[in-house]
Amino acid sequence: MSHEISVLEILDRSLSIYLENIGIFFVIFLLLNIVNSMLMRAVNVLTPPFAPPYESADKLFNWLINYGAQTITVLCILFLISWLIMNVGNSLIIKFVSDTLEEKKADIKNSLIPTLHLFGRVLTVSFITGTLIAVGLILLIFPGVMMAVIFSLAVPAIVLENLGVFDGLKRSKELTDNMWMKTFFLLFAFFVIFIIVNLLIDVLTLSFHRFYYQIWIKEFFRVVLLSLVEPIYPISLTLFYYLLRRQKSMPVPIEVREEPYETPPPPSEIKFCYYCGQILPDDAIYCPNCGRRIRLSPQ
């Protein structure tokens, strides 16, 4: 690359790739978000109603323990399934975009087989990075942000280079070295985009809380809008991965300083007297010892 690409250029190129294959990307995430929406509906059904008994403190305490255990179990199952589904979608998009950038035959069916082969590693590295980010955010916020930046390209590295879990983490760190600010601004741009989309969903569906069927309309809007926006994230990460990989593989130009060439002085014509052997200075015309002329005077 002749110049260092900016975050806006990355997003612009990602949008171009997205629009060229919007039918594929949108359908994939639409199906994934429909499944997630159904899971959320199931959580609402399976979660016990909040009706604590107030007859005695013991009954209230036991009810709170049972209610908390059931609710946490349902939420954990929902989170686990959603996490699995979204990792499948992101990995598929990463492989598809990679084939597009390398001018191979990009096909979801062909991308699915290698993605499933590496799915265990993807889940493991996703769990490790998610845990590190969560712990860092809880402790001091800044460490969590740094973990998100350093390991943001671990999944693309595993999917596209067929690496192991720790090799993928190491590769992500190598690629993002000296590129932390640009990586942070790219991730921050995704965060802002998703916040704006969710606010837009709330504004567009503000009146859909009154009746049950209108809640389903709100959910429809939410699923469609999220499915339109979410593919930008794996597309941009894949493009960013390729840009950094190309940049890291380019040889670093070595600046060679050219020292000014100085013409060496011409060698002295006479170093000693031919008659008496006296050592002579360079500009001597007569020998200071015997007095004989040893060369012509300069013109």
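Values in this document were obtained by computation on a predicted structure and should not be read as measured data.

How each quantity is defined
Along each chain, residue indices are assigned from 1 in the same order as the chain's sequence is written. Residue-level local features of this predicted model are given only where pLDDT is at least 70; pairs of side-chain atoms are given and counted only at 80 or more, and the full residue set underlies all totals for whole chains, interfaces and linings. Only hydrogens and water are set aside when side-chain values are computed; all heavy atoms of the structure are taken into account. Numbering of helices and strands starts at the N terminus; helices are DSSP runs of H or I of at least 4 residues and strands are runs of E of at least 2. Type-normalised accessible area, obtained with a 1.4 Å probe on protein chains alone, sets the label of each residue: buried when under 20%, exposed when over 50%, and partly exposed for intermediate values. Pairs of residues are marked as contacts when any of their non-hydrogen atoms sit within 4.5 Å. To be clear on the numbers: accessible area is Shrake-Rupley with a 1.4 Å probe, and residue cover counts the displayed protein chains and nothing else. Pairing of aromatic side chains requires ring centres within 6.5 Å, counting the rings of Phe and Tyr and the six-membered ring of Trp. Pairs whose planes differ by under 30 degrees are stacked, by over 60 edge-to-face, and all others tilted. Within this document, salt bridges are pairs made up of a side-chain nitrogen of Lys or Arg and a carboxyl oxygen of Asp or Glu, the two lying within 4 Å of each other. Polar contacts here mean pairs of N or O atoms no more than 3.5 Å apart (in protein, one a potential hydrogen donor and the other a potential acceptor; neighbouring residues in sequence count only if both atoms are side-chain atoms). Here, axes are lines fitted to C-alpha atoms. For helices the fit covers the stretch in contact, and angles between N-to-C directions go from 0 to 180 degrees. Throughout this description, any angle smaller than 35 degrees is read as roughly parallel, any larger than 145 degrees as roughly antiparallel, any in the 65 to 115 degree range as roughly perpendicular, and the remainder as oblique. Throughout, the ten residues Ala, Val, Leu, Ile, Met, Phe, Trp, Tyr, Cys and Pro are labelled nonpolar, Asp, Glu, Lys and Arg are labelled charged, and all others, Gly among them, are labelled polar. It is the rotation of the near helix from the far one that decides the hand of a crossing: anticlockwise by less than a right angle makes it left-handed, clockwise makes it right-handed. Residue-level confidence of the predictor is what pLDDT reports, using numbers from 0 through 100.

1. Quick look at the overall build of the protein
- The secondary structure content of the protein amounts to 11 helices and zero strands.
- Secondary structure elements in the protein, listed N-terminal to C-terminal, are α-α-α-α-α-α-α-α-α-α-α.
- Here the protein, with 299 residues, has 37% of them falling under the buried criterion.
- The long-range share in the protein, meaning contacts at least 24 apart out of those at least 6 apart in sequence, stands at 64%.
- Approximately 19200 Å² of the protein is accessible, and the part contributed by carbon and sulfur atoms is 67%.

2. Concerning helix α7 (residues 154–161)
- Burial runs high along α7: seven of the eight residues are buried.
- After α7 finishes, the residue Asn162 shows a positive phi value of roughly 55°.

3. Focus: the packing of aromatic side chains
- For the structure on display, the rule yields eight aromatic pairs.
- Ring geometry for Tyr18 and Phe25: centres 6.2 Å apart, planes at 10°, overall stacked.
- Overall, the relative accessible area of 5% leaves Tyr18 in the buried class.
- The class for Phe25 is buried, based on a relative accessible area of 0%.
- Aromatic rings pair up to connect Phe184, Phe185, Phe188 and Phe191 into one cluster.

4. Looking at the pattern of salt bridges
- Applying the stated criterion to the full structure yields five salt bridges.
- A salt bridge links Lys95 to Asp99; the shortest N-O distance between them is 2.9 Å. Here the residue Lys95 and the residue Asp99 both occupy positions in helix α3 (residues 57–101), the gap between them amounting to four residues, near one helical turn.

5. Digging into the side chain of Thr183
- By the secondary structure assignment, Thr183 is in helix α9 (residues 180–204).
- Classification of Thr183 as buried rests on a relative accessible area of 1%.
- Polar contacts involving the side chain of Thr183 include one to the main-chain carbonyl oxygen of Met179, which spans 2.7 Å.
- Not counting residues up to four positions away in its chain, the partners in contact with Thr183 are Val149, Ser152, Thr176 and Phe240.

6. Notes on the packing of helix α5 (residues 119–139) against helix α6 (residues 142–150)
- Running from amino to carboxyl end, α5 crosses α6 at an angle of 155°, the nearest separation of the two axes being 6 Å. With respect to each other, α5 and α6 are oriented roughly antiparallel. Within the contact between the two elements, α5 uses Leu132, Ile133, Gly136 and Leu137 and α6 uses Pro143, Gly144, Val145, Met147 and Ala148.
- Classifying every residue of the contact of α5 with α6 gives seven nonpolar, two polar and no charged.

7. Concerning the packing of α7 against helix α8 (residues 165–176)
- Taken N-terminus to C-terminus, the directions of α7 and α8 make an angle of 120°; their axes are 8 Å apart at the nearest point. It follows from the interaxial angle that α7 and α8 lie oblique. Of the two elements, α7 crosses α8, and the hand of that crossing is right-handed. Contacts between α7 and α8 involve Ala154, Ala157, Ile158 and Glu161 on the former and, on the latter, Val165, Gly168, Leu169, Arg171 and Ser172.

8. A closer look at the confidence of the model for the protein
- With 84% of its residues at a pLDDT of 70 or more, the protein has an overall mean of 78.
- Predicted confidence in the protein is weakest over helix α4 (residues 108–117), with a mean pLDDT of 76, and strongest over α8, with 89.

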